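Here are the chains, one letter per residue:
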Amino acid sequence: MASYHRPDSQTIQTLKDIANKLRIHSIEATNASNSGHPTSCCSAADIMSVLFFNTMRYTIQEPRHPNNDRFILSKGHAAPILYAAWAEAGLFPASDLLQLRKLSSDLEGHPTPRLNFVDVATGSLGQGLSVAAGMAYTGKHFDKADYRVFCLIGDGESAEGSIWEAMHFASKYNLDNLVAVFDINRLGQSEATSLGHDMDVYKARAEAFGWNTYVVDGHDVEGLCKAFWDASQVKGKPTCILAKTFKGAGIPGISDEDNWHGKPLGAKADEAIKAIRKNIANPGPHNIIPTQPTLNLKPINEKAPLATEPAYKLGESVATRLAYGTALAKLGKANDRVIAMDGDTKNSTFALKFKDAFPDRFVECYIAEQNLVGVGIGCGTRTRTIPFISTFAAFFTRAFDQIRMGAISQTNANFVGSHAGISIGEDGPSQMALEDLSMFRSVPGSTVFYPSDAVSAERAVELAANTKGVCFIRTSRPSLPVIYNNNEPFAVGKAKVVRQSSTDKVTVIGSCVTLFEALKAADTLSASGVNIRVIDPFTIKPIDGATIIANAQATGGKIITVEDHYPAGGIGEAVAAAVSGQPNIIVKHLAVQEIPRSGKCAELMDKYGISAPCIVKAVQSMLSA
């Protein structure tokens, strides 16, 4: 094993000087914006100095180069000190820091990837470590590279369960390229944190989760240098550095005092800066150049087609969740950067088919959905993988914060939720996703697929893999007939008219189980001389407004939407919004109107008003009005 070489006294002093310059930058920037968190920055200043100017390997010319070490600021409110570190590294002039939080500046209140040195947005606390774990997993298992991942975590956010989900995951998978640094500055937003400076308890908890753990003085530059070096020598375990710090460190009268969270120093700034400058031996430019990595990783192939075309027989009964697993395995065969992860539901989501085909590219995240989503987002950073993340659709609701932050992070991640709606039957309402379309439609820039048969499900998977942003594919439990030919073309935002005649009186729009109920209703109505048009929207976002409007106009302006979902935010509201500017179009909305109960699929669909007989009654009512 290599032996530790203590930095010389000049380097130690330079690192101390840089830390104090970072403090001054943070105070000046937050004062200029009259908002921000200078005291939270000051507690982390020495950590940031050692990380960026002694420990991490990166190239300033290309901050997101795939070989660079990664840094995640989980305590995103300390953004000014992250910006200050990159300014001190020479990425941009320090004068730009005074534009903090201004509308014209990308130096926002919390970091976002509008900045070329930020991988993911942070600020909603407790999420950074899951993302960092995904990055570390990618480095170790997919890139097979030597870059390391560092995540700075606030002690207050360590109360979030997602932190401990990530701690478990990183230990389970022996992520020895991951270092979590807890900035334990004792004070939260409104009062002291629950553990204060009880370092023994923090240490016991980290070690209980299987982490190599060090307790250090977070303002001791030399001690930090040693701890980070020691971490680099550990194999088989992630490392946790518990840094005891003081909020507002270096500021007389404010350090370790209550009621300074999220407040610029105002009139106290000049006095504080003067005091900090007294501790700077060399106020001029420093001469430290970050250690450069070996730049040998190349961009991945981002195209992921199906390795073989769909191969189904018309009328064959296949669940869309099963077709998802089949399609995912086909993508994996065509592109070795397609990966999959699941929350211990792989035998139900059929992600198991991918695991069987490519076990080295399947990540079991167990029943920890917040971490599942965070890891998936982390795996997708710097476009190193094409991640598919699956579980029961209902369980994504507990990770909605991670999903919305993923959108702010400009992530390209594909979410697949099975067991949607009351059609799952006897399991009851806790398992029935009835809010998922609404949730994913509300995410900015998202694409929401709702395939109705096996062929369209395979094409949805292929399209999602090649579509930027957050994608969601809703799959269902019941087996349903194949209605599309294997060579049927599909596109984002393009609906399919699956039944029509020249005498249609009403347009009925449904997806998956309700599409087939609409087709049954069409047969019943046709027997009595009434024809209806039936449309499969395929994507609920973007909705194909042009096709819907044209067909509504051809059927007397009458539309009925039918969905296995609550009314809010689903197919009905998407259709209503698409036709809202059109005169003489009426939309009737059939949806699950109350919290359902257990029962057989057919019984539930009839009870809650979305079965074929219910559609028949709705058509008759609309025509008699």
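Right, let's walk through the structure included here. Predicted, not measured: the structure shown is a model, and the values here were computed from it. (Residues numbered from 1 in each chain as written. Predicted model: local features only at pLDDT ≥ 70, side-chain atom pairs only at ≥ 80, totals over all residues. Heavy atoms only, no water.)

Concerning the overall build of the chain
- Counting its secondary structure elements, the chain contains 21 helices and 19 strands.
- Overall, the C-alpha framework of the chain stretches about 90 × 50 × 40 Å when taken along its three principal axes.
- Counting across all 625 residues of the chain, residues that qualify as buried make up 60%.
- Restricting to contacts in the chain with at least 6 residues of sequence separation, those with at least 24 account for 79%.
- Put simply, the chain shows about 23300 Å² of open surface, and 49% of that area lies on carbon and sulfur atoms. (Helix = DSSP H or I, 4+ residues; strand = E, 2+ residues; numbered from the N terminus. Buried < 20%, exposed > 50% of the residue type's maximum accessible area, 1.4 Å probe, protein only. Contact = heavy atoms within 4.5 Å. Areas by Shrake-Rupley, 256 points an atom, 1.4 Å probe, with all protein chains shown as cover.)

Quick look at the side chain of lysine 346
- Relative to the helices and strands, lysine 346 is located in helix α11 (residues 346–349).
- Beyond its immediate chain neighbours, meaning those up to four positions away, lysine 346 contacts Ala351, Leu352, Lys355, Phe362 and Glu364.

Considerations on the pattern of salt bridges
- Per the counting criterion, the structure on display carries 28 salt bridges.
- Residues glutamate 302 and lysine 468 are paired through a salt bridge, measuring 2.7 Å at the closest nitrogen-oxygen approach. Of the two residues, glutamate 302 sits in the loop between α9 (269–277) and β6 (317–319) while lysine 468 sits in the loop between α16 (454–465) and β12 (471–474), which places them 166 residues apart along the sequence.
- With relative accessibility at 37%, the residue glutamate 302 sits in the partly exposed group.
- Residue lysine 468 is classed as exposed on the basis of its relative accessible area of 54%.
- Arginine 459 is the salt-bridge partner of glutamate 309, the closest N and O atoms lying 2.3 Å from each other. Taken together, the positions of glutamate 309 in the loop between α9 and β6 and arginine 459 in helix α16 put the pair 150 residues apart, joining distant regions of the chain. (Salt bridge = Lys/Arg side-chain N within 4 Å of Asp/Glu carboxyl O.)

Thoughts on helix α13 (residues 369–380)
- Its 12 residues place the ends of α13 17 Å apart at the C-alpha level, agreeing with the 16 Å of an ideal helix rising 1.5 Å per residue.
- Counting buried residues in α13 gives 11 out of 12 residues, a clear majority hidden from the surface.
- Against the buried residues of α13 lie α5 (128–142), α6 (161–172), β7 (338–342), β9 (386–392), α14 (400–408) and β10 (414–418). (Expected span 1.5 Å × (residues − 1).)

A few points about the nonpolar core
- Residues Leu129, Leu178 and Phe415 are the most contacted members of the largest nonpolar core, which totals 109 residues.
- Residue contacts for leucine 178: discarding those within four places in its chain leaves Leu129, Ala132, Ala133, Ala136, Val149, Ala170, Trp211, Pro238 and Thr239.
- Counting 51 residues, the second-largest nonpolar core is a separate cluster that includes Phe53, Ala79, Ala84 and Leu97. (Core = buried A, V, L, I, M, F, W, Y, C linked by side-chain atoms within 4.5 Å.)

Looking at the sheet that holds strand β19 (residues 586–590)
- Ordered by their spatial adjacency, five strands build an open sheet running β14-β16-β15-β18-β19, and the pairing between neighbours is mixed. Looking at strand neighbours, the two that pair on one side only are β14 (496–499) and β19, the edges of this open sheet. Across this sheet, the average inter-strand angle for adjacent strands is 30°, counted without regard to direction.
- In this structure, strand β15 (residues 504–510) lies alongside strand β18 (residues 558–562), joined through four bridges in parallel fashion. (Pairing = 2+ DSSP bridges. Axes fitted to C-alpha atoms, helices over the stretch in contact; angles between N-to-C directions.)

Some words on the pairing of strand β16 (residues 531–536)
- By the criterion of burial, β16 is predominantly enclosed, with five of the six residues buried.
- Alignment of β14 against β16, held across three bridges, turns out to be antiparallel. Bridge pairing in β16 places valine 497 opposite isoleucine 535.
- Taken together, the five bridges between β15 and β16 define a ladder with parallel strand orientation. Paired with aspartate 504 across the strands is asparagine 531, a residue of β16.
- For the crossover that starts at β15, traverses helix α17 (residues 513–527) and ends in the parallel β16, the hand is right-handed. (Right-handed = clockwise from strand over helix to strand, strands pointing away.)

Notes on the packing of helix α10 (residues 320–334) against α16
- Closest axis-to-axis distance for the α10/α16 pair is 8 Å, and the angle between their directions is 45°. Our classification of the angle between α10 and α16 gives oblique. Considering how the two elements wind past one another, α10 and α16 form a crossing that is right-handed. Here Thr320, Ala323, Tyr324, Thr326, Ala327, Leu328, Lys330 and Leu331 of α10 lie close against α16, whose contacting residues are Ala454, Ala457, Glu458, Val461, Glu462 and Ala465.
- In the contact of α10 with α16, the residues fall into nine nonpolar, two polar and three charged. (Parallel < 35°, antiparallel > 145°, perpendicular 65-115°, else oblique. Left-handed = near helix turned anticlockwise from the far one by under 90°. Nonpolar A, V, L, I, M, F, W, Y, C, P; charged D, E, K, R; others polar.)

Some remarks on the packing of aromatic side chains
- Taken as a whole and judged by the stated rule, the model has 24 aromatic pairs.
- When the ring of phenylalanine 490 is compared with that of phenylalanine 538, the centres are 4.9 Å apart and the planes differ by 45°; the resulting orientation is tilted. Of the two residues, phenylalanine 490 is situated in the loop between β13 (479–481) and β14 and phenylalanine 538 in the loop between β16 and β17 (539–541); the sequence distance between them amounts to 48 residues. Neither phenylalanine 490 nor phenylalanine 538 differs from the other in exposure class; each is buried.
- Feature note: the residues Phe52, Tyr58, Phe71, Tyr83, Trp86, Phe92 and Phe117 constitute an aromatic cluster, connected by ring pairs.
- In this structure, lysine 172 packs its charged tip against the face of tyrosine 173, placed 5.9 Å from the ring centre.
- We note arginine 361 situated over the ring of phenylalanine 358; from NZ or CZ to the ring centre the distance is 4.2 Å. (Phe/Tyr/Trp six-rings, centres within 6.5 Å; stacked < 30°, edge-to-face > 60°. Lys NZ or Arg CZ within 6 Å of the ring centre and 35° of its normal.)

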